[in-house]
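In case you want the letters, here they are:
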Amino acid sequence: MAVIREKQGAAHTRIMGVGGYVPSRVVTNDEVITWIDSSDEWIRTRSGIAERRWGTPEETVLEMSVQSAGKALAAAGISGDQLGAIIVSTVSHFHQTPALACLVADRLGTNGAAYDISAGCAGFCYGVAQASDMVKAGSAEYVLVIGVERLSDLTDIHDRGTAFIFGDGAGAVVIGPSDTPGIGPVVWGAEGDKYDTITQTFAWNDKPEAEDGSDEVRGPFLRMEGQAVFRWASYQMAEVSLKALAEAGITAGDLDAFIPHQANNRITDRLVKVLGLPEEVPVARTIAEYGNNSAATIPLAMERMLADGTAPSGGLALLIGFGAGLVYAAQVVALP
Ligand code: UT7
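These figures come from a predicted structure and were not determined experimentally.

A short note on the packing of aromatic side chains
For the structure shown, the criterion picks out six aromatic pairs. Seen from their ring centres, Trp 42 and Phe 164 are 5.5 Å apart, and the 90° between their planes marks the pair as edge-to-face. Within this pair, whereas Trp 42 is found in helix H2 (residues 40–47), its partner Phe 164 is found in the loop between strand E6 (143–150) and strand E7 (168–178), the two being separated by 122 residues in sequence. Within the aromatic cluster, the residues linked to one another by ring pairs are Trp 232, Phe 322 and Tyr 328.

Quick word on the environment of Pro 282
Mapped onto the secondary structure, Pro 282 falls in the loop between helix H7 (265–275) and helix H8 (287–290). When its relative accessible area of 15% is taken as the criterion, Pro 282 is described as buried. Beyond its immediate stretch of four places on either side in the chain, Pro 282 contacts Asp 256, Ala 257, Phe 258, Met 305, Thr 310 and Ala 311.

Looking at the site of the ligand
Around the ligand, the surrounding shell holds 23 residues, and the nearest of these are Ser 38, Arg 46, Gln 227, Asn 264 and Asn 292. In the environment of the ligand, an oxygen atom lies 3.3 Å from a nitrogen or oxygen atom belonging to the side chain of Trp 42. Residue His 261 places a side-chain N or O atom 2.9 Å away from an oxygen atom belonging to the ligand. For the ligand, whose unbound accessible area comes to 950 Å², protein coverage reaches 72%. Using a 2 Å cut-off from the grid points, one finds that the ligand occupies the largest pocket. Contributions of two or more residues to the shell around the ligand are made by H2, helix H6 (226–248), H7 and strand E12 (316–323). Looking at the shell around the ligand, the element that brings in the most residues is H6, giving four residues. Taken domain by domain, the shell around the ligand gets at least three of its residues from each of domain 1 (12–178) and domain 2 (187–206 + 218–334).

Side note on helix H3 (residues 61–76)
Because each turn of an α-helix spans 3.6 residues, side chains separated by three or four positions in sequence point in the same direction. Compared with an ideal rise of 1.5 Å per residue, which puts 16 residues at 22 Å, H3 spans 22 Å between its outermost C-alpha atoms and is within 8% of the ideal. By the burial criterion, the buried members of H3 are Val 61, Leu 62, Met 64, Ser 65, Val 66, Ser 68, Ala 69, Ala 72, Leu 73 and Ala 76.

Topic: the domain arrangement of the protein
For the protein, the domain assignment lists domain 1 (12–178) and domain 2 (187–206 + 218–334). For domain 1 and domain 2, the distance between their C-alpha centres works out to 15 Å. In this complex, domain 1 contributes 48 residues to the contact, which on the side of domain 2 involves 40 residues. At the boundary of domain 1 and domain 2, one finds three salt bridges. Our count for the domain 1 to domain 2 interface comes out at 15 residue pairs in polar contact (both at pLDDT 80 or more).

Parameters and conventions
Residues numbered from 1 in each chain as written. Predicted model: local features only at pLDDT ≥ 70, side-chain atom pairs only at ≥ 80, totals over all residues. Heavy atoms only, no water. Phe/Tyr/Trp six-rings, centres within 6.5 Å; stacked < 30°, edge-to-face > 60°. Helix = DSSP H or I, 4+ residues; strand = E, 2+ residues; numbered from the N terminus. Buried < 20%, exposed > 50% of the residue type's maximum accessible area, 1.4 Å probe, protein only. Contact = heavy atoms within 4.5 Å. Near = heavy atom within 4 Å. Polar contact = N/O pair within 3.5 Å; in protein donor to acceptor, adjacent residues only side chain to side chain. Areas by Shrake-Rupley, 256 points an atom, 1.4 Å probe, with all protein chains shown as cover. 1 Å grid on protein atoms, 1.4 Å probe; cavity = no way out; pocket = protein on both sides within 12 Å on 5 of 7 lines; lining within 4 Å. Sits in = over half its atoms within 2 Å of the grid points. Domains from an automatic or database assignment. Expected span 1.5 Å × (residues − 1). Salt bridge = Lys/Arg side-chain N within 4 Å of Asp/Glu carboxyl O.

Below, the structure written as structure tokens:
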């Protein structure tokens, strides 16, 4: 009987380049409090958010993806046609088919594999894990991972629990082979029993009637049980962060940056404390200006910390994403 020949990829992988795109329109807390009963002070102290960016109609998920991908490819020194795969993580591409990744592939001029994933705010770290494994398995030499969201489209500006939280944007990385380990083991999982803590108000194909009987229903919009998610993130994600360090065989003192998902500054504070992160290790705090960009958050923060010199190229960073599902993923990476 014939034996199937298998493929072997690279021994190690790394992030070769990162790129980000944030929309031009700044939405301040002062604007938000014209929609909900709140205050600039409450939003800043309870979440850490001072402002967020929302896309104009032209700043679509496709345009933002292409912009961030272009920067990541240039930084990596890779052309679009060298990509073996494109993974796009998003919950705000409103077509079930075709996948946003295929539209991005068309714009970049590549015929590599292309598909979307839906893993909420953990989506970028999920994508990095998949891409790294692909390169190691030999199914692609270079993989583009994009996290992109237009959460403004999913935000009910009259919902006090979510109107102030979300922002739009895109971030991308190119992952490829490496001579030394550049992406540590992923610690990931899902707690599906908590699926109902972050939801959308109704399914895309299920437009309910308005209470007054008209067809004026807007949405679907995101809804969140803030306190429940806050507690889960503060406690379980601290454990996941510690586990990702242990799996990578390093300690918090070896880190050159900590880039957690930007859901709430108070969650970040708690993770920093439990990790015992030395004071000199820089921590991503993009939430102040960008809000929560879900899958785009971590690559956006990574790009910014490298660009402003807060984090060193080649340094070790702990990434952790967590959110709707509830899902999570964390890994240690070498910064591009
Ligand atoms: O990205 C996916 C993962 N997401 C997260 O991890 C988000 C986790 N959750 C959170 O970040 C926080 O729960 C929020 C920032 C969403 C809310 O903060 P909180 O401290 O959990 O607020 P709360 O719901 O416990 O409400 C505290 C108080 C209440 O008033 P009383 O009962 O103490 O008088 C609320 O009525 O704050 C009030 N409140 C508000 N006040 C002003 C709730 N929402 C608002 C608001 N503005 N928007």
